[in-house]
Amino acid sequence: MEREVLLEIKNLTTEFITEEGHLTKAVDGISLSLRKGETIGIVGESGSGKSVTALSAMRLIPTPPGKISSGEILYRSKNGEINDLLKTDNREMRKFRGNEIAMIFQEPMTSLNPVITCGEQIVEAILLHEKISKAQAKNMVIELFKKVKLPRPNEMFDAYPHQLSGGQKQRVMIAMAMSCDPQILIADEPTTALDVTVQKTILDLMMEIQRDHAMGIMFITHDLGVIAEIADTVVVMYKGKIVEHGSVMEIFQNPRHPFTKGLLSCRPPLDRRLRFLPTVSDFLSHDTKNTLIETGKSVDEAINAYVITDEERKKQHDVLYRGQKLLEVKNIKSYFPLKKSFLGKVLDVVKAVDDVSFDVFEGETLGLVGESGCGKTTLGKTIMRLIKPTSGEIRFRGKNIATLADEEMRLMRKEMQVIFQDPYSSLNPRMTIGEAIMEPLRVHKLLSNDKQRKEKVMNLLRKVNLSEQHFYKYPHEFSGGQRQRICIARALVLDPSFILCDEMVSALDVSVQAQVLNLLNELKKEFNFTYVFISHDLSVVKFMSDRIAVMENGKILEMGEADEICNSPKNDYTKKLISSILRGRKEDIQASVERKQQFHPEN
């Protein structure tokens, strides 16, 4: 028995007017349908139109500069009536939003009001649609918090958003979305930048809620591993159009469009060691007339072209570990006061980094992996002396920088650079990117004049695959991947020997992520950089690293050669991290399909 259609989008076109006055089609004539109890996964790069599709369905497109220029969005409401949402007036539309069609956005912190408690925000949403008392609404919220498995629901009701972890904030958003028992849930990148273990629990929670409420879910992401776990049907979008549409098994086992092949192949694999990640350009290239053509490669052909053998890997490491140690970390502790007495005496501390020791060789990439709160970012900042250690030694080229005076440390920073997670907050929005990259050269009084400095910056822009014209543009004019390339150029401008990369690709599309990771490895090969690469994503860390250190509760639990850690983990925590990675393998998809069929036998 076929389930009823809840939402049908027909020939939808959504357009935007750019700052230059040009009309661009963000969504270009797409059609799709969502049934009761079904999860449809919409996947594509940033700018492919997937989020605009969701916002169009909710009638949340800002006008101007945007407008829905044509199409139909047919919705079957709770009372069984079919409504064309494009012809529904604003008052009626407000009744549908939240009450019948709910949405979860990517960044919960920007979706929650920072000055109102989490519980009160959901009470407000319930009272807007339901005719019940405030006390009844509060009881509903506490029950919802239990349902979404938030710890200490009563305390969480009175907590402010900043007091919650990323995963907890996302659970609050799910509780808010579920507060009026909607028929459709639109989830726009709800697990991006979350730890793999937290991501998996959020996905399991959404499937459990869907099972209990027979909701239709429209799940938007750039990660095909997530799609494999949760979706029944997959829609692949590219430049505003649907280029492929089919069951999750069809898309993963027999992708037809070169863009889909590119998305599938550019995720770092755990079972093979690659020197280079395939990208969309492996499947789509330009001929002599600059016409886009298909290369005809399969996913396996693209991946196998870049495989490194165990013998090659061993030769590389034999040379690497006969070299010099660049960094020696000995018994480092970074403690923060948690509780003080009236007289200021520290009564309790948070042991963010707790007696950690390791070495990093010249030309090595050491991966630091673990969940949020494990201490990896604090360790990175301590190594860079952005946080002063409580005790221990940090020897850089034999010199203990843990005890250096601030002025001496400032001179050392030419050699040690850092690339942070969010490139936008790392750049001054009022400075052109050329000025931002040149600034460290001026601070350290390198090169004779600005003409020479500008020449060096232009050369660096070319190295990170940006053009010289970009020198004069501002950060807001660039995509996330381009901004991260700008931050890489700024880190390179002082010719450092050591670079700390802190979650620098966690919020990027997988295709853009692959390009940035390839760029880092190319630059490492050219300049013999040494990296410490911090991430919660073990598959990314494995691709980048020679060795991996696994952290939990401020300590290193396990450390060793990257392939060995991933293939034969010894610690239970490491095993849990690896099992949480959504790989999109045939057996994983089959297991997911079978789980869903237990809930929906009519599938």
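Residues numbered from 1 in each chain as written. Predicted model: local features only at pLDDT ≥ 70, side-chain atom pairs only at ≥ 80, totals over all residues. Heavy atoms only, no water.

## A word on the nonpolar core
- Residues Ile488, Met504, Phe533 and Ile548 are the most contacted members of the largest nonpolar core, which totals 78 residues.
- The biggest single contributor to this core is helix H20 (residues 510-527), with eight residues.
- Apart from residues lying up to four places away in sequence, Ile548 is in contact with Leu366, Gly367, Val369, Leu538, Val541, Lys542, Glu558, Met559, Gly560, Ala562, Ile565 and Cys566.
- In this structure, Ile104, Ile174, Ile202 and Leu203 belong to the second largest nonpolar core, which totals 37 residues. (Core = buried A, V, L, I, M, F, W, Y, C linked by side-chain atoms within 4.5 Å. Buried < 20%, exposed > 50% of the residue type's maximum accessible area, 1.4 Å probe, protein only. Helix = DSSP H or I, 4+ residues; strand = E, 2+ residues; numbered from the N terminus. Contact = heavy atoms within 4.5 Å.)

## What about the side chain of Glu364?
- Along the chain, the position of Glu364 falls in the loop between strand S14 (346-361) and strand S15 (365-369).
- Residue classification places Glu364 among the buried residues on the basis of a relative accessible area of 0%.
- There is a polar contact of 2.6 Å between the side chain of Glu364 and the side chain of Arg547.
- Excluding its chain neighbours within four sequence positions, the residues that come into contact with Glu364 are Leu320, Tyr321, Asp359, Lys524, Phe529, Thr530, Tyr531, Asp546 and Arg547. (Polar contact = N/O pair within 3.5 Å; in protein donor to acceptor, adjacent residues only side chain to side chain.)

## Some remarks on unusual backbone geometry
- At the junction of Thr63 and Pro64, the peptide bond is cis and its omega measures out at -15 degrees in the coordinates.
- Position of Pro64 relative to the elements: it lies in the loop between helix H1 (50-57) and strand S4 (66-76).
- With an omega dihedral of 10 degrees, the bond running from Pro64 to Pro65 counts as a cis peptide bond.
- As for its placement among the helices and strands, Pro65 is situated in the loop between H1 and S4.
- Positive phi, normally seen in glycine, also occurs at Asp355, with a value near 60 degrees.
- Along the chain, Asp355 turns up in strand S14.
- Residue class for Asp355 comes out partly exposed when judged on its relative accessible area of 39%.
- With a phi angle near 65 degrees, Leu447 is a residue other than glycine that sits in the positive phi range.
- Topologically, Leu447 is positioned in the loop between helix H17 (433-443) and helix H18 (450-463).

## With respect to the environment of Lys241
- Positionally, Lys241 belongs in strand S10 (residues 241-247).
- C-alpha separation for the pair Lys241 and Gly47, spaced 194 residues apart in sequence, amounts to 11 Å.

## Digging into a nonpolar patch on the surface
- On the surface, a cluster of nonpolar side chains totalling about 250 Å² of accessible area is made up of Phe336, Leu338 and Val350.
- Tracing the backbone shows Phe336 in strand S13 (residues 325-340). (Patch = residues over 30% accessible without salt bridge, like charges linked within 9 Å, V, L, I, M, F, W, Y side chains within 5 Å. Areas by Shrake-Rupley, 256 points an atom, 1.4 Å probe, with all protein chains shown as cover. Salt bridge = Lys/Arg side-chain N within 4 Å of Asp/Glu carboxyl O.)

## Considering the packing of H17 against H18
- Look at H17 against H18: their axes get within 10 Å of each other, and the N-to-C directions meet at 120 degrees. The angle between H17 and H18 places the two elements in the oblique class. Along this stretch, H17 crosses H18, giving a crossing that reads as right-handed. In this structure, H17 contributes Ile433, Gly434, Ile437, Met438, Leu441 and Arg442 to the contact, and H18 contributes Asp450, Arg453, Lys454, Lys456, Val457 and Leu461.
- Residues belonging to the contact of H17 with H18 are distributed by class as follows: six nonpolar, one polar and five charged. (Axes fitted to C-alpha atoms, helices over the stretch in contact; angles between N-to-C directions. Parallel < 35°, antiparallel > 145°, perpendicular 65-115°, else oblique. Left-handed = near helix turned anticlockwise from the far one by under 90°. Nonpolar A, V, L, I, M, F, W, Y, C, P; charged D, E, K, R; others polar.)

## With respect to the sheet that holds strand S7 (residues 184-188)
- Taking strand neighbours across the sheet as the criterion, the six strands line up as S6-S7-S8-S3-S9-S10 in an open arrangement whose pairing is mixed. Across the chains shown, the open sheet's two edge strands, defined by having one partner strand only, are strand S6 (101-104) and S10. On average, each strand axis in the sheet is inclined to that of its neighbour by 15 degrees, with strand direction left out of account.
- Relative to strand S8 (residues 216-221), S7 runs parallel, the two being bridged by five bridges. What sits directly across from Ile184, in S8, is Gly216.
- Contacts from H1 reach strand S3 (39-43), S6, S7, S8 and strand S9 (233-238), with the element oriented near 145 degrees to S8. (Pairing = 2+ DSSP bridges.)

## Remarks on the pattern of salt bridges
- Counted according to the given criterion, the structure contains 36 salt bridges.
- The salt bridge partner of Glu564 is Lys570, with a shortest N-O separation of 3.7 Å.
- The exposed category is assigned to Lys570, whose relative accessible area is 63%.
- Salt bridges here are not isolated pairs; linked through shared partners, they connect Arg313, Lys524, Asp546 and Glu561.

## Re the pairing of strand S16 (residues 391-396)
- Examined bridge by bridge, S13 and S16 share five bridges and lie antiparallel to one another. Its bridge partner lying in S16, Val329 is registered against Ile394.
- Relative to strand S17 (residues 399-400), S16 runs antiparallel, the two being bridged by two bridges. Its bridge partner being in S17, Phe396 is matched across the sheet by Lys399.

## Focus: the packing of aromatic side chains
- As enumerated under the stated definition, the model contains eight aromatic pairs in all.
- Ring geometry for Tyr75 versus Phe96: centroids 5.4 Å apart, planes at 75 degrees, classification edge-to-face. Here Tyr75, found in strand S4, pairs with Phe96, found in helix H2 (residues 90-96); they are 21 residues apart in sequence, far enough to count as distant.
- Tyr75 gets classed as buried once you look at its relative accessible area, which sits at 0%.
- Relative accessible area serves as the criterion here: at 4%, Phe96 is assigned to the buried category.
- A centroid spacing of 5.1 Å and a plane angle of 65 degrees characterise the contact between Phe471 and Tyr472, whose relative ring orientation is edge-to-face.
- Three or more aromatic residues joined by ring pairs form one cluster here, namely Phe527, Phe529 and Tyr531.
- The ring centre of Phe157 lies 4.9 Å from the NZ or CZ of Lys138, which sits over that ring. (Phe/Tyr/Trp six-rings, centres within 6.5 Å; stacked < 30°, edge-to-face > 60°. Lys NZ or Arg CZ within 6 Å of the ring centre and 35° of its normal.)

Scope: geometric values only; no functional claims are made or implied.
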